Amino acid sequence: MRGNRIVFLIVPGLIVLLGGFLIPAVVMLVSPPRTEFGDILARLGTMLTNSYDLAIIGRTVVLGLIVMIISVVIGFPIAYMLARSTSRWVGMLLALAIFPLLLSNVVRTFGWLVVLGKEGAIGQLLTSLNIVDEAPQLLYTPLAIVLGLLQLFLPLAIISCYSAVAQVNPALDEAARGLGANRTQTFWTVVVPLSWPGIVVACTLVFAGSVTAYTTPYLLGGSRQRMLSTQLYNYANGTIDWAAASATAIIMTVLVFGVSAISTLMGRKARTS
């Protein structure tokens, strides 16, 4: 009876997952409308040898890794402090940390348009302090994309790391300090290794989100700083090149699964060392 109940609860979710995500994704990757699989492979080979497409792939990977690293470096200490805090305001602080998730991506991105524009807050501050004679153009630059994606996915890194750190028994910290380790040594030799599963999840979520995000790179990067997501949209809705769109989707999928596999292997190696 218990097994039947579990199956009964799982089946609806599996149906939605298969019908709403897996099947459309597989069709998009290997059998888009009016396109042969051989055309997809040919277009994929062209993209992997063309300098323009390689520049887009490289930009996507580099910006995704930058956002991933910064998110974990900033998010893990915040998660550690929240998990180890005994203040009654921890719940409120955690809610504030993940509050950006409650806002629309478009709203958050348009906020950066106001801040980073030539007439925005940063430009006016630099000119008022006489640091520069003319406000710099920060929009449509890699910096703008990184800032937008960082605001977008930092809460995910905090949540993932917080759940991992919270499962590490605080008594282990006290035991390490009792054996002569200081707080820094305890943090790096006890907390971080035991929290690797959460760090791996954070890295995977942030990188996957950064590589596949569309709204933020489109609004903050424009046509000057194209990424795979904006290029995919252009192929699917602009030029209607389904072979190129599928090839781009395959590259994005390989990148996400590749980084996920590397993060998992690093996590296993760190736990066994």
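Note that the structure is a prediction, hence the values are computed from the model and not measured.

Participant: Where do I start with unusual backbone geometry in this structure?
Facilitator: One can expect most non-glycine residues to show negative phi and most peptide bonds to be in trans. You will see that Y140, though not glycine, has its phi angle at about 60°, which is positive. Here Y140 lies in the loop between α6 (121-128) and α7 (142-166). A positive phi is found at I240, a non-glycine position, where the angle reads about 55°. Position of I240 among the secondary structure elements: in the loop between α12 (228-238) and α13 (242-272).

Participant: Would you mind going over the packing of aromatic side chains with me for this structure?
Facilitator: Remark: the centre distance and the inter-plane angle together describe each pair of aromatic rings, the angle taken between the planes. Within the structure shown, the criterion is met by five aromatic pairs. Taken together, a centroid distance of 5.1 Å and an interplanar angle of 80° make the contact between Y80 and F187 edge-to-face. Of this pair, Y80 sits in helix α3 (residues 51-84) while F187 sits in helix α9 (residues 183-194), and the two are 107 residues apart along the sequence. Residue class for Y80 comes out buried when judged on its relative accessible area of 18%. Three or more aromatic residues joined by ring pairs form one cluster here, namely F76, Y80, F187 and W188.

Participant: Where do I start with the nonpolar core in this structure?
Facilitator: Note on soluble globular proteins: their nonpolar side chains tend to be buried together. By size, the foremost hydrophobic cluster in this structure holds 47 residues, and its most contacted members are F76, L149, I199, L228 and I251. When residues of this core are traced back to their parent elements, those giving at least two are α2 (37-47), α3, α7, α9, α10 (196-212), α12 and α13. Residues in contact with I251, not counting those within four places in the same chain, are L44, M47, L48, I57 and L228. By size, the runner-up hydrophobic cluster in this structure holds six residues, among which are W112, L138, L139 and A144.

Cut-offs applied
- Residues numbered from 1 in each chain as written.
- Predicted model: local features only at pLDDT ≥ 70, side-chain atom pairs only at ≥ 80, totals over all residues.
- Heavy atoms only, no water.
- Helix = DSSP H or I, 4+ residues; strand = E, 2+ residues; numbered from the N terminus.
- Phe/Tyr/Trp six-rings, centres within 6.5 Å; stacked < 30°, edge-to-face > 60°.
- Buried < 20%, exposed > 50% of the residue type's maximum accessible area, 1.4 Å probe, protein only.
- Core = buried A, V, L, I, M, F, W, Y, C linked by side-chain atoms within 4.5 Å.
- Contact = heavy atoms within 4.5 Å.

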